[in-house]
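One-letter residues, chain by chain:
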Amino acid sequence: MATFEEQLVEQRTYLLRFARLQLRNDAWAEDVVSETLLAALAKPQAFGNRSQLKTWLVGILKHKVIDQIRSNAREVAAPDHGADDEGDELDRLVFKADGHFASPPGDWGDPQQTLQQSQFFKVLDACVERLPPALGRLFLMREWLELSCEEVCKELSLTPTNLYVQLHRARLRLRECLNIHWFGQQGG
């Protein structure tokens, strides 16, 4: 059985990947992950095996990332590499001109059962990784870090309308990816 410290080291790569996606700065990502691991080492009794170690560490990391974003708001730059153009094409493939789905969404089965499958989260994580960097970042800021729309707009210099459009496109891409790689359906 691995020691607590060894278990922490095993989680470092995952934590670093998430921090890099959010911060777009390797030095800042290294800093927040180091701070997360140091916080965990400083108070191992706070873990208490009430959840998975990864879940506990991500909770700490979320706060460290938010603090880093807020303290370096003027320096964060995440260029959008054409996500608007790509999203329009995706919208045309998924929706008819009247705004309805071109084909109804596939049956995703029992959501409770799916959520209990840890493999699902690995596929979801891979799908989030495949999002264009700007879309992935704002999606994780809103849905995983649970920043308010106002905070995300401020941090990324977006209008609320643009944020909602970008979140919609990110969700469409995630839906498509999950349909292909988890639910086994091509298309939609």
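All of these numbers come straight from a predicted model, not from anything done at the bench. (Residues numbered from 1 in each chain as written. Predicted model: local features only at pLDDT ≥ 70, side-chain atom pairs only at ≥ 80, totals over all residues. Heavy atoms only, no water.)

Participant: Which parts of the structure should I look at to understand the pattern of salt bridges?
Facilitator: Charged atoms that come close allow side chains of opposite charge to pair. Per the counting criterion, the structure on display carries seven salt bridges. Arg17 is paired through a salt bridge with Glu129; the nearest N and O atoms lie 3.0 Å apart. Linking Arg17 in helix H1 (residues 4-23) with Glu129 in helix H6 (residues 118-130), this pair joins segments that are 112 residues apart in sequence. Of the residues examined, Arg17 reaches a relative accessible area of 34% and is grouped as partly exposed. For Arg20, the salt bridge goes to Asp26, with nearest N and O atoms at 3.1 Å. Owing to a relative accessible area of 33%, Arg20 belongs among the partly exposed residues under this scheme. (Salt bridge = Lys/Arg side-chain N within 4 Å of Asp/Glu carboxyl O. Helix = DSSP H or I, 4+ residues; strand = E, 2+ residues; numbered from the N terminus. Buried < 20%, exposed > 50% of the residue type's maximum accessible area, 1.4 Å probe, protein only.)

Participant: What is the right way to read the packing of helix H7 (residues 133-143) against helix H8 (residues 149-156) from this model?
Facilitator: The description of two helices packed together rests on the angle between their axes and the distance between the axes. Contact pair H7 / H8: the axes reach a minimum separation of 9 Å and the direction vectors enclose 150°. Between H7 and H8, the interaxial angle falls into the category roughly antiparallel. For the crossing formed where H7 meets H8, the hand is right-handed. Of the residues in H8, those in contact with Arg137, Leu138, Met141 and Arg142 of H7 are Cys149, Val152, Glu155 and Leu156. Among the residues making up the contact of H7 with H8, the classes are represented as five nonpolar, no polar and three charged. (Axes fitted to C-alpha atoms, helices over the stretch in contact; angles between N-to-C directions. Parallel < 35°, antiparallel > 145°, perpendicular 65-115°, else oblique. Left-handed = near helix turned anticlockwise from the far one by under 90°. Contact = heavy atoms within 4.5 Å. Nonpolar A, V, L, I, M, F, W, Y, C, P; charged D, E, K, R; others polar.)

Participant: Is there a simple way to think about the nonpolar core in this case?
Facilitator: One recurring pattern in soluble globular proteins: nonpolar side chains tend to sit buried together. If you look at the biggest cluster of nonpolar residues, it comprises 48 residues, and the most contacted ones within it are Leu15, Val33, Trp56, Leu61, Val65 and Phe139. Listing elements by their share of this core, those giving two or more residues are H1, helix H2 (26-42), helix H3 (53-71), H6, H7, H8 and helix H9 (160-181). In contact with Val33, not counting residues within four places along its chain, are Arg12, Leu15, Leu16, Ala19 and Leu61. (Core = buried A, V, L, I, M, F, W, Y, C linked by side-chain atoms within 4.5 Å.)

Participant: What is the right way to look at the packing of aromatic side chains in this model?
Facilitator: Aromatic ring pairs are reported here in terms of the distance separating the ring centres and the angle at which the planes meet. Applying the stated criterion across every chain, the model contains one aromatic pair. Between Phe18 and Trp144 the ring centres are 4.0 Å apart and the planes differ by 80°, which places this aromatic pair in the edge-to-face class. Note that Phe18 is positioned in helix H1 and Trp144 in the loop between H7 and H8, a separation of 126 residues in sequence. We classify Phe18 as buried; its relative accessible area is 5%. (Phe/Tyr/Trp six-rings, centres within 6.5 Å; stacked < 30°, edge-to-face > 60°.)

Participant: Honestly, the state of the cysteines in this entry has me stumped. Any pointers?
Facilitator: Here, the word disulfide means a covalent bond between the sulfur atoms of two cysteines. Going through the model one piece at a time under the given rule, you end up with one disulfide. Each disulfide pairs two cysteine sulfurs, and for Cys127 the partner residue is Cys177, the sulfurs being separated by 2.1 Å. Linking Cys127 and Cys177, the disulfide has an S-S dihedral of approximately -80° and is accordingly described as left-handed. Of this pair, Cys127 sits in helix H6 while Cys177 sits in helix H9, and the two are 50 residues apart along the sequence. What makes Cys127 buried here is its relative accessible area of 3%. (Disulfide = S-S within 2.5 Å.)

Participant: Mind showing me how you'd approach the packing of H7 against H9 here?
Facilitator: Where H7 contacts H9, the axes come no closer than 9 Å and their chain directions differ by 100°. By the angle between their directions, the pair H7 and H9 is classed as roughly perpendicular. Taken together, the residues of H9 that come into contact with H7 (itself represented by Leu135, Leu138, Phe139, Arg142 and Glu143) are Leu163, Gln166, Leu167, Ala170, Arg171, Arg173 and Leu174. Classifying every residue of the contact of H7 with H9 by side-chain character gives seven nonpolar, one polar and four charged.

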